[in-house]
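Residue strings, one per chain:
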Amino acid sequence: MTAKKSGSRLEAEIERCRSECQWDKIPELVRQLSAKLISNDDLGELLLGECKLQTYLKENPIKQGASPRGPRPKLVEVRKHLTAALDRGNLKPDYLQEASLLMAKLCYAEGEYKEALGHYSRVSLEDLQLGGAPVYRLSMIAEAYATKGLCLEKVPAASPSLSNRNIGSPSSNRSAAEREQDIITCYEKSGDIALLYLQEAEKALSVGIQNRSPKPGPTAQDQELGYFLETGLQRAHVIHFKNGNLTHGVGRFREILRAVETRTTQNLRMTIARQLAEILLRGMCEQSYWSPLEDPPSVSPLDDPTRQGHTHSRSYTLSRRPRVYSGDNLFCPQENTEEALLLLLISESMANRDAVLSRIPEHNNDRIISLQSASVVYDLLTIALGRRGQYEMLSECLERAMKFAFEEFHLWYQLALSLMAAGKSARAVKVLKECIRLKPDDPTIPLLAAKLCIGPLHWLDEGECFAKMVIDMGEKAAEFRAKGYLAAGLVYSLKATDASLRSTQEEYQRKALGAFQRAQSLSPTDHLAAFYLALQLAVSRQIPEALGYVRQALQLQGDDIHSLHLLALLLSAQKHYHDALNIIEMALSEYPENFNLLYTKVKLEAMCRGPEEALLTCKHMLQIWKSFYNLTNPSDSGRGSSLLDRAIADRRQLNAMTLPDFSDPETVSGSSSSRSGSEPVSPTSPPTLSSLSSPSSPVFIFQPPPFPPQRPPSFLSAPPPARAPPQRTLSFLGSLSPPPSPRPPPPPTKPRTQSCSGRAALRQLSCSSSVHATSIAASRVEQALSEVASSLQSSAPKQGPLHPWMTLAQIWLHAAEVYIGMSKPAEATACTQEAANLFPTSHNVLYMRGQIAELRGNMDEAKRWYEEALSINPTHVKTMQRLGLILHQLQRYSLSEKVLRDAVQVNSTAHDVWNSLGEVLQAQGNAAAATECFLTALELEASSPILPFTIIPRAL
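Residues numbered from 1 in each chain as written. Predicted model: local features only at pLDDT ≥ 70, side-chain atom pairs only at ≥ 80, totals over all residues. Heavy atoms only, no water.

Colleague: Which residues make up the overall build of the chain, and what are the values?
Modeller: For the chain, the count of helices and strands is 39 helices and zero strands. Each of the 956 residues in the chain was classed as buried or not, and the buried ones make up 56%. Contacts spanning at least 24 positions in sequence make up 71% of the contacts within the chain whose residues lie at least 6 apart. (Helix = DSSP H or I, 4+ residues; strand = E, 2+ residues; numbered from the N terminus. Buried < 20%, exposed > 50% of the residue type's maximum accessible area, 1.4 Å probe, protein only. Contact = heavy atoms within 4.5 Å.)

Colleague: Describe unusual backbone geometry, with residues and values.
Modeller: The phi dihedral of histidine 458 falls on the positive side, at around 60°, and the residue is not glycine. Within the element layout of this structure, histidine 458 appears in the loop between α17 (444-457) and α18 (460-472). On the accessibility criterion, histidine 458 (11% relative accessible area) is buried. In the Ramachandran plot, glutamine 891 falls in the positive-phi region, its phi being about 65° despite a non-glycine side chain. With respect to the element layout, glutamine 891 can be found in the loop between α36 (877-889) and α37 (893-906).

Colleague: Requested: an account of the nonpolar core, with residues and values cited.
Modeller: One finds Tyr378, Leu381, Leu432, Leu566, Leu570, Phe595 and Phe949 to be the most contacted residues of the largest nonpolar core, which totals 241 residues. Among the nonpolar cores identified, the runner-up in size contains 29 residues, and Ala869, Leu883, Leu887 and Val899 belong to it. (Core = buried A, V, L, I, M, F, W, Y, C linked by side-chain atoms within 4.5 Å.)

Colleague: So what about the packing of aromatic side chains? Which residues, and what values?
Modeller: For the structure on display, the rule yields 11 aromatic pairs. A network of ring pairs unites the aromatic residues Tyr108, Tyr113, Tyr227 and Phe228 as a single cluster. Sitting over the face of the ring of tryptophan 865, arginine 864 holds its NZ or CZ atom 5.5 Å from the ring centroid. (Phe/Tyr/Trp six-rings, centres within 6.5 Å; stacked < 30°, edge-to-face > 60°. Lys NZ or Arg CZ within 6 Å of the ring centre and 35° of its normal.)

Colleague: So what's going on with the packing of α17 against α18? Residues and values would help.
Modeller: Close contact between α17 and α18 brings their axes to 8 Å; oriented N to C, the two are set at 160°. Comparing the axis directions of α17 and α18 gives the class roughly antiparallel. The chirality of how α17 crosses α18 is left-handed. Contacts from Pro446, Leu447, Ala449, Ala450 and Cys453 in α17 reach Leu460, Glu462, Gly463, Phe466, Ala467, Met469 and Val470 in α18. Of the residues assigned to the contact of α17 with α18, the class counts are 10 nonpolar, one polar and one charged. (Axes fitted to C-alpha atoms, helices over the stretch in contact; angles between N-to-C directions. Parallel < 35°, antiparallel > 145°, perpendicular 65-115°, else oblique. Left-handed = near helix turned anticlockwise from the far one by under 90°. Nonpolar A, V, L, I, M, F, W, Y, C, P; charged D, E, K, R; others polar.)

Colleague: Quick one: what's the story with the confidence of the model for the chain, residue by residue and with numbers?
Modeller: Summary statistics for the chain give a mean pLDDT of 76 and a share of 75% for residues scoring 70 or more. The low-confidence segment residues 1-5 (pLDDT under 50) makes one contact with residues lying over four places distant or belonging to another chain. Long-range and interchain partners of residues 632-782, a stretch whose pLDDT sits below 50, account for 389 contacts in this model, where long-range means more than four residues apart. (pLDDT = per-residue confidence, 0-100.)

Colleague: Account for the pattern of salt bridges, with residues named and values stated.
Modeller: According to the stated counting rule, one finds 41 salt bridges in the structure shown. Among the salt bridges present, the one from glutamate 115 reaches arginine 79, with a minimum N-O distance of 3.5 Å. Taken together, the positions of glutamate 115 in helix α6 (residues 113-123) and arginine 79 in helix α4 (residues 73-88) put the pair 36 residues apart, joining distant regions of the chain. Looking at glutamate 115, the relative accessible area reads 32%, which means it is partly exposed. Close ionic contact of glutamate 941 with lysine 575 constitutes a salt bridge, the shortest N to O distance being 3.6 Å. Of the two residues, glutamate 941 is situated in helix α39 (residues 927-941) and lysine 575 in the loop between α23 (561-573) and α24 (577-590); the sequence distance between them amounts to 366 residues. Judged by its relative accessible area of 30%, lysine 575 falls in the partly exposed class. (Salt bridge = Lys/Arg side-chain N within 4 Å of Asp/Glu carboxyl O.)

Colleague: Go over helix α33 (residues 825-838), please, and point to the residues and values.
Modeller: Given a rise of 1.5 Å per residue, 14 residues ought to cover 20 Å, and the 20 Å separating the end C-alpha atoms of α33 matches this to within 8%. Of all 14 residues in α33, 11 are buried, a share of seventy percent or more. Of the positions making up α33, those classed as buried are Glu827, Ala828, Ala830, Cys831, Thr832, Gln833, Glu834, Ala835, Ala836, Asn837 and Leu838. (Expected span 1.5 Å × (residues − 1).)

Colleague: How would you explain a nonpolar patch on the surface if you had to name every residue and give the values?
Modeller: Together, Phe331, Leu342 and Ile346 make up an exposed nonpolar region whose accessible area comes to about 260 Å². Mapped onto the elements, phenylalanine 331 comes out in the loop between α11 (266-283) and α12 (336-353). Assessed through its relative accessible area of 47%, phenylalanine 331 is described here as partly exposed. (Patch = residues over 30% accessible without salt bridge, like charges linked within 9 Å, V, L, I, M, F, W, Y side chains within 5 Å. Areas by Shrake-Rupley, 256 points an atom, 1.4 Å probe, with all protein chains shown as cover.)

Colleague: A description of the environment of tyrosine 108 should follow, citing residues and the corresponding values.
Modeller: Locating tyrosine 108 in the fold gives a position in helix α5 (residues 93-110). Judged by its relative accessible area of 1%, tyrosine 108 is buried. The sequence separation of tyrosine 108 and cysteine 151 amounts to 43 residues, and the corresponding C-alpha distance is 7.3 Å.

Colleague: Describe the environment of proline 61, listing the residues and the values that go with them.
Modeller: With respect to the secondary-structure elements, proline 61 resides in the loop between α3 (41-59) and α4. With a relative accessible area of 57%, proline 61 lands in the exposed category. Along the chain, proline 61 and tyrosine 227 lie 166 residues apart, while their C-alpha atoms are 7.3 Å from each other.

Colleague: Mind laying out helix α21 (residues 527-539), listing which residues take part and the relevant values?
Modeller: The first and last C-alpha atoms of α21 sit 18 Å apart over 13 residues, in line with the 18 Å expected at 1.5 Å per residue. Counting buried residues in α21 gives 13 out of 13 residues, a clear majority hidden from the surface. Backbone nitrogen of leucine 528 and a side-chain oxygen of the N-cap are separated by 3.1 Å at the start of α21; the cap is aspartate 526. (Polar contact = N/O pair within 3.5 Å; in protein donor to acceptor, adjacent residues only side chain to side chain.)

Colleague: Provide a residue-level description of the environment of arginine 437, including the pertinent values.
Modeller: Structurally, arginine 437 is set in helix α16 (residues 425-438). Through-space distance from the C-alpha of arginine 437 to that of phenylalanine 409 is 9.4 Å; in sequence the pair is 28 residues apart. A distance of 2.5 Å separates the side chain of arginine 437 from the side chain of glutamate 434, its partner in a polar contact.

Colleague: Give me the lowdown on the packing of α24 against helix α25 (residues 595-608), citing residues and values where you can.
Modeller: Interaxial distance between α24 and α25 falls to 10 Å at its minimum, and their mutual angle equals 145°. As α24 runs across α25, the sense of the crossing is left-handed. Contacts between α24 and α25 involve Tyr577, His578, Ala580, Leu581, Ile584, Glu585, Ala587 and Leu588 on the former and, on the latter, Leu597, Leu598, Thr600, Lys601, Leu604, Glu605, Met607 and Cys608. Looking at side-chain class alone, the contact of α24 with α25 contains 11 nonpolar, two polar and three charged residues.

Dropping the structure here:
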């Protein structure tokens, strides 16, 4: 009895070591087994043969696609042990089957594939029972199926050794499709049994540790998959994809991922999840997608149509299958992007968890593999999130990768690009500086940094430094050297606009012209170089030269929106208003939703066709705004709470923001390029009220978002975001980076009744004023504007992006200006009130109220409005000019002269300011100075466009 108990314990220990792959303990256990004489030597031969074979394969792993041929000294010993165990025939049936399986495995290791198939044929794999089998035997069966599949792939189809197979009907003339299905079945069975084995092995290992020690034991070591188990898990879907059968390949991926995870399969699951995500992103659309819980379609557009009749269908059942995740509250994706994003986020979490951070030489290879694996995941995340425009989420993911991105340029560069796209321009510049350090000879990196400094940040000194980096590269920069001069010219042009002294302005204008000319000479086929050279000449009032270069730019890029706009402004500067209007209408036929062009059209129509046509264009702009930015309902404000539609809340109140103005150049001088509103104005100082009052670029304010928002998946309850216009309106910006999207502001704190009263006043005034209208067309336009205002429900802004509300306010102010030109203060007041509901402290709104007060003859009220506007924006030239005229009428000549001279210092090309200054000097009796001012005004007026040239954005 004692011997039986001892033998049972010894056999249990042997079984445990075989299950846990502890082959170094097997020889000692075999010696104890032989010493106790509880069994014959055949079992010992089997165990020693298995031990030596597994040890050999561990020390000499088989490489994918090849296996060693011919006998090896250690394998000769393995064959002796297994042959001895098989020839004597004293083993139990189960052990005899194990010996045959090991012999077949040995034959494969030696390259004897036909002999291996013969052993599998004699064993009859189909008859091996999985129920009640020890854990180690599950591993042997799984490896047997994988080895059989490998042998079938390597043995020619006409080989006689294939005639006695057990899978399917035995026939030597089986078709290639049936043989291929047998191979796939072997691999799928191997994978399923391998998952079952790993689950049972982990379960047995945890139970054994708990039984051996009452205290919490050490963490169990991970099992190693080995070549055969890994082949069984990965080979089936490879064959499916190779044959063009994506449906079954995706199904096989999902089966493996649904199985209960073990520590051993974690790396494999991450690889499979990444591969499946790549297929979902690149090879599947929403129409061909099916839920993971549904059966795949019998006919799918994903599959190769030439192999529709040869698709594989599962024709086997297993007595035991691996456990899968199940339950009532499990999340199930409903579309391909959703499933791909879920898989990639899981893979990213695993990659971060298993990241190798050690820099010691021994871990160098592991660190490289870990980094490569994570980089692939982040590249796929960039594709998935970039399609949805979710750059904020992408930047957060890439920030988590920074812990193992030391000296890795790719991840740093990806982070910089994601920050740029997410609108985090200041942080993007800092990351780009690190990219420049890692790759100092790449000219595109400082160009990207210069683009941000010139554009949303308005860091002109930093932008100049980055531009000089590219220029200093010389021939290394190649074709990008011209872009470096272009960036430098933009910096000098913006500095000239910002400068308060005329001498400084002229100096920077000369530098800008020189830089643009150098860029144009280096790249004569670049339409941007010719365009910016023409724009700078236009700002310097060299109209004929500017016309020559803008025509050259249009010859290079005939549909460039900004070149067409500049051409129209140059024609208006030469007083060819009808030709300019024709150019604007031609440009609008290509870009019908561009608000910059529409603003210019309003001015030109008021000049050429009368104010009624201009009011019709204002109505058209309101309709375009409503169709683009359907933000009148709180649910449509773009504030989705879902994973794919998150937005960032802007904590600033709207009444602390001011509305930009592009009707005169000095307001553009604050920032002639786009400014996100969420970035600081300088690297060290946060935005203040005065900095927020400076205007942004028309690229940001007047042009709708460059990235069309994607429709959220059906499982997400977020409302659809606002529709964006075609991306072509920003084509001149190039492909370096899109401008950032603004942060949505909170709702205003002003009472709703103010908006309602303004709207009601507009309707009432429109109806009452139609009786006194100068024409039937005017009354019809007034009624149309009233109807549009009513359809907008309320102009009070809800939560959402900021720039749509700025655009709406600009439309109302343009309509108010047209009404002022028609001498209709009531209607102008109603339009101004609609803009005031959006931005009550905007200097433009206050300036317009002063204009209305002047129209009514109330000079004191007008003076008060102008003074309030200047308290917000002290450099608003139009307000300074009107205030100077009022002071002149009040006979306060000295103060009027001072205000007008300050206005001339801000903008020396404003002809109306020079004219007003001449009137003041004439009233003071200074005839000589007044004559000089009048002559200057005449000279400037002869080259003055309908709108300032600086309305055209200057950005790289």
